[in-house]
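Topology and contacts: notes
Chain residues, written in single-letter form:
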Amino acid sequence: MQVKMTVNGKLFESDLAPRINLADCLRHEMDLTGTHVACEHGVCGACTVLVNGDAVRSCLMLAVQANGQSVVTVEGLSSDAELSALQASFRKHNALQCGFCTPGFITTAHALLTQEPNCDEDRIREVLSGNLCRCTGYVPIVQAVLDARVAYQQMGVK
Amino acid sequence: MKSTDFDYICPSSLEEVIQILDQYQGEVKIISGGQSLMPILNYRLASPQLLVDLQGVADLNKVSISSEGTTLGARVRWVDIENHDGLRVSQPLLCAAIDHVAHYQIRNRGSVGGSLVHADPAAEMPGLAVALEGILNLHGPQGVRRVHAADFFLGQLSTSIETNEILVSIELPFWPQDRRWGFAEFSRRKGDFALAGAAVWFDLASDGHAMNVHIGLIGTGEKPMRLLSAESGLNGRTLTESMIESVVHQSLSAMSFQGDIHASEKYRRALMLEMVSKAFAQAMRPIN
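Okay, so let's go over this structure.

Rules and cut-offs
Residues numbered from 1 in each chain as written. Chains lettered and ligands numbered in written order. Predicted model: local features only at pLDDT ≥ 70, side-chain atom pairs only at ≥ 80, totals over all residues. Helix = DSSP H or I, 4+ residues; strand = E, 2+ residues; numbered from the N terminus. Rg over C-alpha atoms; globule rule 2.2 N^0.38 Å. Buried ≥ 20, exposed ≤ 12 C-beta atoms within 10 Å, placed from the backbone. Contact = placed C-beta atoms within 7 Å. Nonpolar A, V, L, I, M, F, W, Y, C, P; charged D, E, K, R; others polar.

Regarding the overall build of chain A
Of the regular secondary structure elements, chain A holds 5 helices and 5 strands. N-terminal to C-terminal, the α/β element order of chain A is β-β-α-β-β-β-α-α-α-α. Taking 158 residues into account, the globule formula puts the C-alpha radius of gyration at 15 Å, and chain A, at 15 Å, falls close to it. When each of the 158 residues of chain A is scored for burial, the buried share is 45%.

Notes on the overall build of chain B
When helices and strands are counted, chain B shows 12 helices and 14 strands. Here the C-alpha radius of gyration of chain B, 19 Å, is about what a compact globule of 288 residues would show, namely 19 Å. Its C-alpha atoms give chain B principal-axis dimensions of about 60 × 45 × 35 Å. By residue count, 47% of the 288 residues in chain B fall in the buried class. A sequence separation of at least 24 residues applies to 62% of the contacts in chain B between residues at least 6 apart.

Here we look at the interface of chain A and chain B
Listed by partner, the interface residues are 22 residues for chain A and 25 residues for chain B. Counting residues per element, the ones that place at least two in the side of chain A that touches chain B are strand 4 (54-57) and helix 4 (121-128) of chain A. Ranked by residues supplied to the side of chain A that touches chain B, first place goes to strand 4 of chain A with 4 residues. Taken together, the residues of the side of chain A that touches chain B break down into 9 nonpolar, 8 polar and 5 charged.

And the structure:
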C-alpha cells in the first residue's frame, strides 16, 4: 500500500505491507534505528516517537496509519552541531547507562516539556511511568527532565 | 512478535464501514487507536483478513453535553477526556476514573470505543459504562441498536456486538451536580490494569437518606458488574462508614473471586472491600 508521510521534516514515500508497524518502518525502511524496539506490545516505551506532536508508541501504530501525518523520531530532536537541552541534561545527570531506553525517554520528555513546559516533578514522574529503564533507577532521569525544563520554558509554549 | 498479513482499508464514511463489515462477516477488525488491538495482532491472538481504519470517518470523536446527558463518540481518546473542562462538570466520576487509564503515550491514541468493544473486565471504561448505566449505540445494516452497558458485556473480551455492527457512541445519563461519587483503584504499577477498582455514586434525599446507590466493580470476575445486593442493602438508609463496610463485606463474601499469579482469591476480595470503602469515603466527603 502506498504511504506518504513526513519524517523529521523530510517526505517519505513507500509501498508498504499494511502489517508493518511504524517502528519497523522507521528502522528498516528508513534506517532510523534510533527508535528502539523491545516489548512490541506497548509496555516499555522504548519505541516512543512523536506523531503530529503527540508522543505515541510506534509499535502500537501501523505505518499505514501514519499516512499523511508528521512523524518525529529521536534523530529529529538532535543536531550534529551541539547537544540539545535534553541530551545535555541527560549527560549532566548521568541519566542513562546502557542507553537502550534513552530514545524513548527523550522523545517522551520532549513531548511533555513542549506541551507542558511548567509541569512539576509529580507530572514528570507520572508521564515517565510509561517508560521502563532497568539501569538508572529513574531518579537521574527525573532530575534530568526537571533540569531541562528551563530551556523549554524559555522557548515558550509551542 | 509481528502480526500476520492483512489487508487495510481506510473508508471515509460510516455507511462504507458497515457495508465492509457486512461483507466480510467476522474476518475483519476495526482499528482506531489500536492500543488494545495492536498487541493482540502482534501476539497473533487475532489474524483478521482485513483491518478497517476509522481515522477517515468524520464525527466519531465528538463529545456532546446537554440537559439529557453526555454522549461520547467512539473515537474520543483518553487525552480528549482529560483535557475537556466541560466533562469534569458533566461527568466527574467518569473523568476521575479515566485519569487512571494507561500511560501518557497510550492516552494519546487509546479510545473510548476501543476499550468498550475490547471488553477487558479490568479496564476502567467498561466498568464505568456499567456503573453509570450507559447506553451504547451500535450501527449496522438494519440501523441503530441501543444496548444497555449491562447487556453489552458478556464475559472476558466478549460482547453482544454483531459482526456487522460498529459502536458509534456511548450515552451517559444526565448527572446532577449534587450527586455524591467516589472512585478508587489499585494496580501494582501506575497505569497498569487494576487488580481491583470501585466506582460508587448515590443521591441524598432531603432527609439524608441515600438513594440510587450504584457500586461498579472493576477487575473482578469475567465482566464489569454492579454489586447489586449491597446497593439494595444501602438504598434508603443513612450511610455510615461501619454500615457500608458490613453491607459490602457481606455482598463480597457471597461473590466468587478468582485467584491468579498476581493475587490470591482472598487478597482480591479484601482489596475490593478496601476499594469500595475508599470510594464511599470519597463520596461522603463534605461538599465545599
